Structure formats: structure tokens, C-alpha cells
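Residue strings, one per chain:
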Amino acid sequence: MKNGKQMENGGKEGSVCSLGMEDGGEDVCSCKQSDVSSADHLVIMIHGILGSARDWKFAAEQFVSKLPDKVFVHCSERNMAKLTLDGVDIMGERLAEEVLDIIKRKPDIRKISFVAHSVGGLVARYAIGRLYRPPNRESTEVSATACEKESNGTIAGLEPMNFITVATPHLGSRGNKQVPFLFGVPAFERAASCVIHLIFRRTGRHLFLTDDDEGKPPLLRRMLEDNGELHFMSALRSFQRRVAYSNVGFDHIVGWRTSSIRRNIELPKWEDSLDEKYPHIVYEERCKASDGEQCESVSTDDDGLDELEEELVTGLSRLTWEKVDVSFHRSKLKFAAHSLIQVKEDYMHTEGSDVIQHMIDHLLL
């Protein structure tokens, strides 16, 4: 373990200790031993493509500062930098191993949540599929005292609480306007599908749904159901909350539709702000689990989507989701919305701090 670094906060907020790990990841917890002993909720934060553990530094410190005796945060970096180009499945396997290693180090942990940015959300969905344990399944890799949630199963023996994605391309990136910097021009989008693997390698194929491993359907399609030892949907269903934070605009990497798991006709009209405490939150809704039905008060007319994208929307909509829409349209840095929503750099992207506060205030503990 590398030397720890302590950040002191004034007022009611407690001091926060950040401990760099040998593998590049970072543990963030209260500096008070009594708080560390009480914290039984592990929060795993996963960065996006070409990212690092530092991408979640601000958010991790805020989580611990506001909930010092409740949460222990680990910022993942088992898939740092160029390793994010190896594919969603390979990254997911690495993340699953990383989570198991943390649990072995922290045997008193009882609950687990994930907070993931961009492609990290897909990696987290894969990892929980590997880590899921059906009810009554005996644990051999972690402490037998780990909390069991009989009705839904567990994630590596821990009670699944919150699964939060932030600007994650759940529907992939090949659909019209799913990658906004291609300007919605079909010719550009078709060309991108053909060459994306030259830039983002295997991960690019997964995002553009062009992977064809041994004749199998694209990975994101396979992740809509349980498959052998990979319990993708059972794992996702086991969480008490599933939340998708999305940029309504100015995110030139991930489009609104794919990050919010909606069809075009389901994209809501939004206002400048719903609450002065969260000035960039412009719309919230809770979508009930259903087989093909849409969120309340939304038309069910055919949206003319790509057939595979429609399968992804329908499949993920079988679960209840909280959807939180964010807009930085008044920000001078609005074109950096993909980073603002995460507060990737605290000296540059602090306008997104209200989004982080929203996550903390609504976190199920």
C-alpha cells in the first residue's frame, strides 16, 4: 500500500483519508477509526474509457465527508488507461476480481453499491453478473458472516443496495445521435461503426454492437439475460435501486437516449431546474418494471428504432429505474458535460457538484 493522504474538511464534515493502493486504485474513508469501524457499506466507483481512479476523487471524498460512519469508498483502477480498450467483458472480469479482493480486506462490510461513469457502467453490469450469488448459495470466497438477502441473492455475499450509472451508453453507441459528435449524420455513424475498432479496439466493437464472438449475439444483447455462470439480469434486479443519470445535451460522447434507457418518444420535456439545491437536475422520474410498457405518461407509439436497440430498451425496462436528467446548458463549460456530470477534475468541473450531492442525498444506506 502506498502512503495515505488526508484531506481535512471544516464544519460538520469529517476529515477524509485517501489511501493509494499498489494496483493504482484508491480507498477513501473517514480518518476517524471509530467511523471506519462503523462503516459497513462498500461503494465501488468505476471510471470510463481511458480513465483512472482519480476521475472519481471529488465524488469519493464528498461521499465519505457527508457519510463518514456509513460508507467506505473504493475507486477502481484495475482497468486503467489503455486497459479500457480490452473489451467490456475482460474489464468486467478484472473488476469482479478487484471487488473480491476488497471484500477480503474488509470482512466487516455488509452492503455494496456501484457508481459508474460512461462505459464503466457497462463494465459494472458485467462484473455484478459474475459476482451474483442466488439465494442460499454457499459462499466460499468471502466471510460466511456476509449479509444474505434471501429474496434477491447477493453480490459476492453482500447486500446489493444502489446501482448508479452516470452518462453510460446502455443502448450502445451505434444508433442515430447516440454519439453526438457525429452530428446525427447517418453516413458518419455508419463509417464510425466500421472503423471504431481501430481506435477503441474490442471495447469499440462492444459499444457499436459489431462484436461477433463465435457467432454469438453482441455482448450488450447477451447481458439482457442470465447466461450460465453470468447472472446479468438477476444481479441487476437484486439491487434495491437502479439509477441512470444522463446529460440532456452537450455531452458529445454519450447521447441522452442511450444513457437514460429511453426511446426518442420517451425523452421528456424539461425545465431549467427542479430544486435550487440541485440547479442542474432538470427532470426526474421513476419507471416501473414492465414487459415492453413505457414509463408513466409516455406514448407507446412505434419509435422506429434500430431492432437491436429496441431489444436493449425493452430488456432493461423489465426492471424499475430511477432516471435523473441533467443539463449544463447555462455553463461556460457546457461542452464538457460528460466530465461535469462526474466532476472529473475538481478544479475545473465543480459545477457538477450538485449532481454528486443529489447522489449522496438519495443513496439508500
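Before any of the text, the structure's been laid out above.
Residues numbered from 1 in each chain as written. Predicted model: local features only at pLDDT ≥ 70, side-chain atom pairs only at ≥ 80, totals over all residues. Heavy atoms only, no water.

**Thoughts on helix α9 (residues 307-316)**
Think of an α-helix as 3.6 residues a turn; residues three or four steps apart then line up on the same face.
Moving on, step 1. Of all the residues in α9, the buried ones are Leu 308, Glu 309, Leu 312, Val 313, Gly 315 and Leu 316.
Moving on, step 2. Where α9 is buried, its residues contact α4 (120-131), α6 (219-222), α7 (232-238), α8 (256-260) and β14 (321-326). (Buried < 20%, exposed > 50% of the residue type's maximum accessible area, 1.4 Å probe, protein only. Helix = DSSP H or I, 4+ residues; strand = E, 2+ residues; numbered from the N terminus. Contact = heavy atoms within 4.5 Å.)

**Considering the nonpolar core**
Moving on, step 1. Ranked by internal contacts, the top residues of the largest apolar core, which has 53 residues, are Ile 44, Phe 114 and Ile 155.
Moving on, step 2. Contributing elements (two or more residues each) for this core: β4 (41-46), α3 (88-105), β6 (111-117), α4, α6, α7 and α9.
Moving on, step 3. No other element matches α3, which puts eight residues into this core. (Core = buried A, V, L, I, M, F, W, Y, C linked by side-chain atoms within 4.5 Å.)

**Observations regarding the packing of helix α2 (residues 57-66) against helix α11 (residues 353-362)**
Moving on, step 1. Contact geometry of α2 with α11 gives a least axis separation of 10 Å together with a crossing angle of 45°. Regarding the angle of α2 to α11, the classification is oblique. Remark: the crossing between α2 and α11 carries right-handed chirality. Packed against α2, whose contacting residues are Phe 58, Ala 59, Gln 62, Phe 63 and Lys 66, the element α11 presents Ser 353, Ile 356, Gln 357, Met 359 and Ile 360 at the interface. (Axes fitted to C-alpha atoms, helices over the stretch in contact; angles between N-to-C directions. Parallel < 35°, antiparallel > 145°, perpendicular 65-115°, else oblique. Left-handed = near helix turned anticlockwise from the far one by under 90°.)

**A word on the pairing of β6**
Moving on, step 1. For β6, the buried fraction is high: seven of the seven residues fall into the buried class.
Moving on, step 2. With burial as the criterion, each face of β6 is covered, one bearing Lys 111, Ser 113, Val 115 and His 117 and the other bearing Ile 112, Phe 114 and Ala 116.
Moving on, step 3. In terms of strand pairing, β4 meets β6 through six bridges, oriented parallel. Opposite Leu 42, over in β6, you have Ile 112 as the bridge partner. (Pairing = 2+ DSSP bridges.)

**Some thoughts on the environment of Leu 274**
Moving on, step 1. Looking at the element boundaries, Leu 274 is found in the loop between α8 and β13 (281-287).
Moving on, step 2. Take Leu 274: its relative accessible area is 48%, and that puts it in the partly exposed class.
Moving on, step 3. The sequence separation of Leu 274 and Glu 284 amounts to 10 residues, and the corresponding C-alpha distance is 8.7 Å.
Moving on, step 4. Not counting the four nearest positions on each side in its chain, Leu 274 is found in contact with Ile 281, Val 282, Tyr 283 and Glu 284.

**Section: the pattern of salt bridges**
Moving on, step 1. On inspection of all chains with the given rule, the structure shows 19 salt bridges.
Moving on, step 2. The partner of Asp 89 in a salt bridge is Arg 202, and the shortest N-O contact between them spans 2.4 Å. With Asp 89 in helix α3 and Arg 202 in helix α5 (residues 186-207), this pair connects stretches of sequence that are 113 residues apart.
Moving on, step 3. Across the salt bridge formed by Glu 93 and Arg 130, the nearest N and O atoms sit 2.6 Å from each other. Separated by 37 residues along the polypeptide, Glu 93 in helix α3 and Arg 130 in helix α4 bring together distant segments of the chain.
Moving on, step 4. When its relative accessible area of 24% is taken as the criterion, Glu 93 is described as partly exposed.
Moving on, step 5. By relative accessible area, Arg 130 is classed as partly exposed at 34%.
Moving on, step 6. Through salt bridges that share partners, Arg 221, Glu 225 and Glu 311 make up one connected network. (Salt bridge = Lys/Arg side-chain N within 4 Å of Asp/Glu carboxyl O.)

**Regarding the packing of aromatic side chains**
Moving on, step 1. Inspection of the entire model under this criterion finds five aromatic pairs.
Moving on, step 2. On the numbers, 5.3 Å between centres and 55° between planes, the contact of Tyr 126 with Phe 232 is tilted. One end of the pair, Tyr 126, is in helix α4; the other, Phe 232, is in helix α7, and 106 residues separate them in sequence.
Moving on, step 3. With a relative accessible area of 4%, Phe 232 lands in the buried category.
Moving on, step 4. Plain terms: the ring middles of Phe 250 and Phe 335 are 5.3 Å apart, the flat faces sit at 85° to each other, and that makes the pair edge-to-face. Of the two residues, Phe 250 is situated in the loop between β12 (241-247) and α8 and Phe 335 in the loop between β14 and α10 (337-340); the sequence distance between them amounts to 85 residues.
Moving on, step 5. Residue Phe 250 is classed as partly exposed on the basis of its relative accessible area of 30%.
Moving on, step 6. An aromatic cluster is defined as three or more aromatic residues linked by ring pairs; in this entry it consists of Phe 114, Phe 163 and Phe 239. (Phe/Tyr/Trp six-rings, centres within 6.5 Å; stacked < 30°, edge-to-face > 60°.)

**A few points about a nonpolar patch on the surface**
Moving on, step 1. Together, Leu 333, Tyr 347 and Met 348 line one region of the surface with nonpolar side chains, adding up to about 320 Å² of accessible area.
Moving on, step 2. Among the structural elements, Met 348 can be located in the loop between α10 and α11.
Moving on, step 3. Under the relative-accessibility criterion, Met 348 is labelled partly exposed at 38%. (Patch = residues over 30% accessible without salt bridge, like charges linked within 9 Å, V, L, I, M, F, W, Y side chains within 5 Å. Areas by Shrake-Rupley, 256 points an atom, 1.4 Å probe, with all protein chains shown as cover.)

**Topic: unusual backbone geometry**
Moving on, step 1. Even without being a glycine, Ala 156 presents a positive backbone phi close to 55°.
Moving on, step 2. As for its placement among the helices and strands, Ala 156 is situated in the loop between β8 (154-155) and β9 (159-166).
Moving on, step 3. Positive phi, close to 55°, is recorded for Val 343, a residue that is not glycine.
Moving on, step 4. Note that Val 343 resides in the loop between α10 and α11.
Moving on, step 5. Overall, Val 343 belongs to the buried group, its relative accessible area being 0%.

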